[in-house]
Amino acid sequence: MRIAVVIIFILLMLPLFKVESSDIRAEVQQFIDEYTKRWNELRTIAVEAEWQANIKIVEGDDTNARATREAQEKLAEFTGSKENIERAQKFLKHRDKLTELQVRQLEVILFNAANNPATVKELVKRRIAAEVAQNEKLYGYDFKLKGQSISTNQIDDLLKRSVDLRERREVWLASKEVGTRLKDGLAELRDLRNATVRALGYRSYFSYMVSEYGMTAEQMLKLVDDINRQLRPLYRELHTYARYELAKKYKAPVPEYLPADWLPNRWGQDWSPMLEVEGLNLDAALKDKSAEWIVEQAEDFYKSLGFQPLPKVFWEKSSLYPLPPDAKYKKNTHASAWHMDNDTDVRSLMSVEPNAEWYETTHHELGHIYYYLTYSNPDVPLLLRQGANRAYHEAIGSLMGLAAMQRPFLEQRGLVSKDARVDQMQALLKEALNYVVFIPFSAGVMSHFEYELYEKNLPKSKYNARWWELVKKYQGIVPPMRRSEAYCDACTKTHINDDPAAYYDYALSYVLLFQLHDHIAKMLKQDPHATNYYGQKAAGDFLKQIMRPGSSRNWRLVLRENTGEDLSAAAMVRYFEPLLEYLKQVNKGRKHTLPQL
């Protein structure tokens, strides 16, 4: 009898539960809608101000910097307001009564708040001011070589082609001078960033950034360390190959570790320019093209996959090409893509020149642009218009950069002769000198340095020493001469300053890109080493399936549902397996100095 009474009571109460759930969902949605409207208005103003500060840097004129700081302060004041934090926290206590989209949006609201909590309002203002000042110091810096101004593009070009070791050292040293003026700023930023997020319970800024993946800082380090270990056997062979080949090129004794000024990249993160593949000399094919042609070709690639033409605003408002030599101002020279209004206002900041590096970079940056446009659809709320996770954005861009550099595609585009004799193993080696070489830098040096910087409060007096310890351990690279603590060579990497505690994104993106590329190649029944995506609508449809949801769905589910796999470096290892066996033969009798991890 008692059981029957209880059942009747529950049945009578069910409608009340439904009403309660329905009521709270309506209340939450009203809060989310109001928040989103104001947040996107303020965010758009802040992004526009930041854009202006990046495309026009005038020494001694802080107009753009002031506007950026003021706009960011207003956005921070809103996102970190006590009311927004308390309401989001209150609603999340009833997550079982809310829709998945509502829960995700509330979590984004709290994530936004953690970087700008009103409870530490003065700290937030100081952090924003410090970030703006640091960027101005970095991008407004006048690099000098033998007393003459030199651009970063010119520095990069000299490091790629000069065979004069004295000149190479001078160029490399010139590229590092900017770090001396950034070291104090980084120490201040570390303290301000940590203090800001701790107000909402995060251990450090590194832990805060990693939390977007649903992981702890230690879990992320374990993941990137696993990736490093999986690729270490191949990297050891590449390291040995590079030591011997570069010694031959520079007519110098074979070094135990690679001198940083021997490599064709300021941070040793890409060695591919040290090898030219006969029949695949893209620089020669592009030298007579215009920079505008490069960007138009990249757009055409995406259109062939079924994507729409770029919106008019992209062409009208982007900053795509180098400034003229007589320009009275500078601009940020690091390539980037911008989603201004979380809708169709998309722009890119580049300094495109007709060469192979910019050809690949342009295809990469448009990957971001098309990702923005694809998830800007009615099914994805504005707060969730971002990559499934941050690595997805980089993966899509890098995937398209890889696809745009494969021979069948280049043949169809008329950039490589169909009759050219190409050594495919050399082509694979060149790819490895880009993609594989990048992993120890991204998953090793950068991830561990920033972990120690934020999570362990690495002292400023040890920045340079620890940086070079990590560089030697993971990359097997050493500085050309002793680097004292007067320098901050880590600071010369833009991401340390203005995209902090997130460089593992790039490492994970490379793992993802090879998983996605492997899946597309199988789908198209093509050799993953020689694909041609051009005109393949099926490839475009596959990519849209991944891109369209933005972050409205769990990133692990998105990957599993579309590829049938969890995140794994197996596809990347498989792709380069033939090269590993080849290098073992090439390096037979050579001394391997890089230890296993």
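All residue numbers here refer to positions counted from 1 along the written sequence of the relevant chain. Local features in a predicted model are, by the rule used here, given only for residues with pLDDT of at least 70; side-chain atom pairs are given and counted only at 80 or more, and totals for whole chains, interfaces and linings are based on all residues. To obtain the side-chain values, all non-hydrogen atoms of the structure were used and water was disregarded.

**Some thoughts on the overall build of the protein chain**
Formally: The helix count covers DSSP runs of H or I at least four residues long, the strand count covers runs of E at least two residues long, and both are numbered beginning at the N terminus. As a reference, a globule follows 2.2 Å times the number of residues to the power 0.38, and the radius of gyration itself is taken over C-alpha atoms. Exposure is judged per residue with a 1.4 Å probe applied to protein chains only, and the accessible area is read against the type maximum: over 50% gives exposed, under 20% gives buried, and values in between give partly exposed. Any pair of residues with heavy atoms lying within 4.5 Å of one another is described as a contacting pair. For the accessible areas, the method is Shrake-Rupley and the probe is 1.4 Å, while residue cover comes only from the protein chains on display. By the counting scheme adopted, Arg and Lys are positive, Glu and Asp are negative, and His together with the chain ends is not counted. Charge placement uses NZ in Lys and CZ in Arg. For Asp and Glu, CG and CD serve respectively.
When you go through the protein chain residue by residue, the secondary structure sums to 24 helices and 6 strands. Scaling as 2.2 N^0.38, a compact globule of 597 residues should have a C-alpha radius of gyration of about 25 Å, and the protein chain matches this with 25 Å. When its C-alpha atoms are laid out on the principal axes, the protein chain stretches across 95 × 55 × 50 Å. When burial is assessed residue by residue, the protein chain has 56% of its 597 residues classed as buried. Put simply, 78% of the contacts in the protein chain that link residues at least 6 apart link residues at least 24 apart. Working note: accessible area of the protein chain is about 25,800 Å², and carbon and sulfur atoms make up 51% of it. In the protein chain, 83 positive and 81 negative side-chain charges are present, and the distance between their average locations comes to 3 Å.

**Quick look at the pairing of strand E5 (residues 346-349)**
Put simply, the rule reads: Strands pair, by our definition, only if DSSP identifies at least two bridges between them.
Because side chains alternate across E5, one face comprises the buried residues Val346 and Ser348, and the other comprises Arg347 and Leu349, equally buried. Where strand E4 (residues 336-339) hands over to E5, the hairpin turn is made up of 6 residues, of which asparagine 342 adopts a positive phi near 60°.

**Thoughts on the layout of surface pockets**
Over the atoms a probe the size of a water molecule is rolled, and this reveals where empty space is left. For the record, the criterion: Buriedness of a pocket was judged along seven lines, with at least five required to meet protein on both sides within 12 Å; pockets are open sets of points on a 1 Å grid over the protein atoms alone, cavities are sets where a 1.4 Å probe fits but cannot get out, and lining residues have an atom within 4 Å of a point. Grid points are joined across faces, edges and corners, and a volume is the space filled by probe spheres set on the points. Gly is put with the polar residues, along with every residue not named as nonpolar or charged; the nonpolar set is Ala, Val, Leu, Ile, Met, Phe, Trp, Tyr, Cys and Pro, and the charged set is Asp, Glu, Lys and Arg.
Reported here for the second largest pocket is a volume of approximately 260 Å³. Lining the second largest pocket are 14 residues, and of these Phe307, Gln308, Tyr370, Leu373 and Thr374 sit closest to its centre. If you tally residues by element for the lining of the second largest pocket, the top one is helix H14 (residues 356-375), at 3 residues. Along the lines of polarity and charge, the residues of the lining of the second largest pocket split into 5 nonpolar, 6 polar and 3 charged.

**Description of H14**
Rules: Helix span, as expected, comes to 1.5 Å for every residue beyond the first. For the purposes of these results, a polar contact is taken to be a pair of N or O atoms within 3.5 Å, where, inside protein, one atom must be able to donate a hydrogen and its partner to accept one; residues adjacent in sequence count only when each atom of the pair is a side-chain atom.
The terminal C-alpha atoms of H14, which comprises 20 residues, lie 29 Å apart, in line with the 28 Å expected from a rise of 1.5 Å per residue. Of all the 20 residues making up H14, 18 are buried; the element is thus mostly covered by neighbouring parts of the structure. Structurally, the start of H14 carries an N-cap: the backbone nitrogen of glutamate 357 is 3.2 Å from a side-chain oxygen of asparagine 355.

**Topic: the packing of aromatic side chains**
Filter applied, for reference: We call Phe, Tyr and Trp rings a pair once their centres come within 6.5 Å, taking the six-membered ring for Trp, and we label the pair stacked below 30 degrees between planes, edge-to-face above 60, and tilted otherwise. Counted as over-ring charges are cases with an Arg CZ or a Lys NZ within 6 Å of the ring centre that also lie within 35 degrees of the ring normal.
Scanning the entire structure with this criterion turns up 38 aromatic pairs. Centroid distance phenylalanine 31 to phenylalanine 91: 5.7 Å. Interplanar angle 50°. Geometry classified as tilted. Highlighted residues: phenylalanine 31 in helix H1 (residues 2-55) and phenylalanine 91 in helix H3 (residues 82-92), separated in sequence by 60 residues. Here phenylalanine 31 and phenylalanine 91 have matching classes, each one buried. Geometry around tyrosine 329 places lysine 56 over its ring, the cationic atom sitting 5.4 Å from the centre.

**Some remarks on the environment of glutamate 411**
Along the polypeptide, glutamate 411 turns up in helix H16 (residues 407-412). Along the sequence, glutamate 411 and leucine 280 sit 131 residues apart, while their C-alpha atoms lie 9.8 Å from each other. Of the polar contacts made by the side chain of glutamate 411, one reaches the side chain of arginine 407; its length is 2.5 Å.

**Structural notes on unusual backbone geometry**
Even without a glycine there, the phi angle at lysine 146 is positive, about 55°. Summarising the element assignment, lysine 146 is placed in the loop between strand E1 (144-145) and strand E2 (148-149). Given a relative accessible area of 69%, lysine 146 falls into the exposed group. Even without being a glycine, lysine 251 presents a positive backbone phi close to 55°. Counting through the fold element by element, lysine 251 comes out in the loop between helix H10 (217-250) and strand E3 (258-259).

**A few points about helix H24 (residues 577-586)**
Using the following cut-off: Working definition: the arc comes from the directions between the helix axis and the C-beta atoms, pointing outward to the latter.
Where H24 is concerned, the buried positions are Leu579, Leu580 and Leu583. Seen along its axis, H24 keeps its buried residues to an arc of 105°; they face one direction. Taken together, the buried residues of H24 touch H10 and helix H17 (424-455).

**Observations concerning the pattern of salt bridges**
Spelled out, the test is: Between Lys or Arg on one side and Asp or Glu on the other, a salt bridge is scored when a side-chain nitrogen of the former is within 4 Å of a carboxyl oxygen of the latter.
All chains considered together, the criterion is met by 42 salt bridges. Across the pair aspartate 489 and arginine 483 runs a salt bridge whose closest N-O atoms are separated by 2.8 Å. Across the pair, exposure class does not vary: aspartate 489 and arginine 483 are buried alike. Here lysine 522 makes a salt bridge to aspartate 518, at a shortest N to O gap of 3.0 Å. Of this pair, lysine 522 and aspartate 518 both sit in helix H20 (residues 504-524), 4 residues apart, which is roughly one turn of the helix.

**Section: the nonpolar core**
So the rule is basically this: The criterion is simple. A nonpolar core is a set of buried Ala, Val, Leu, Ile, Met, Phe, Trp, Tyr and Cys residues joined through side-chain atoms within 4.5 Å.
Ranked by internal contacts, the top residues of the largest apolar core, which has 160 residues, are Leu238, Trp271 and Phe576. The biggest single contributor to this core is H17, with 18 residues. Excluding anything up to four places from it in sequence, phenylalanine 576 contacts Leu234, Leu428, Glu431, Ala432, Tyr435, Val436 and Phe514. Core analysis: the next-biggest nonpolar cluster, separate from the first, contains 26 residues, Leu42, Ala49, Leu75 and Phe78 among them.

**Concerning empty space enclosed by the protein**
All chains considered together, the criterion is met by 1 cavity of 30 Å³ or more. Size it by volume and the largest cavity reaches roughly 90 Å³. The wall of the largest cavity is formed by 14 residues, among which Ala260, Arg266, Trp267, Gly268 and Trp468 lie closest to the centre. For the lining of the largest cavity, the leading source of residues is helix H18 (residues 463-475), giving 4 residues. Counted by class, the lining of the largest cavity contains 8 nonpolar, 3 polar and 3 charged residues.

**Observations regarding the side chain of threonine 374**
Positionally, threonine 374 belongs in helix H14. Note on threonine 374: relative accessible area 14%, which makes it buried. When neighbours within four sequence positions are excluded, threonine 374 is seen to be in contact with Phe307, Lys544, Met547 and Arg548.

**What about the packing of helix H15 (residues 390-403) against H20?**
Threshold: Structural elements are reduced to axes, namely lines fitted to C-alpha atoms, with helices fitted over the stretch in contact, and the angle between N-to-C directions of any two is expressed from 0 to 180 degrees. Convention used here: angles under 35 degrees read as roughly parallel, angles over 145 as roughly antiparallel, angles from 65 to 115 as roughly perpendicular, and any remaining angle as oblique. Rotating anticlockwise by less than a right angle from the far helix to the near helix defines a left-handed crossing, while the corresponding clockwise rotation defines a right-handed one.
Two numbers describe how H15 lies on H20: the axes approach to 7 Å, and their chain directions differ by 55°. In this view, H15 runs oblique relative to H20, as classed from their interaxial angle. Considering how the two elements wind past one another, H15 and H20 form a crossing that is right-handed. Seen from H15, the contacting residues are Arg390, Ala391, Tyr392, Glu394, Ala395, Ile396, Ser398, Leu399 and Leu402; seen from H20, they are Tyr504, Asp505, Tyr506, Leu508, Ser509, Tyr510, Leu512, Leu513, Phe514, Leu516, His517 and Ile520.

Geometric descriptors of this kind do not, in isolation, establish any biological role.
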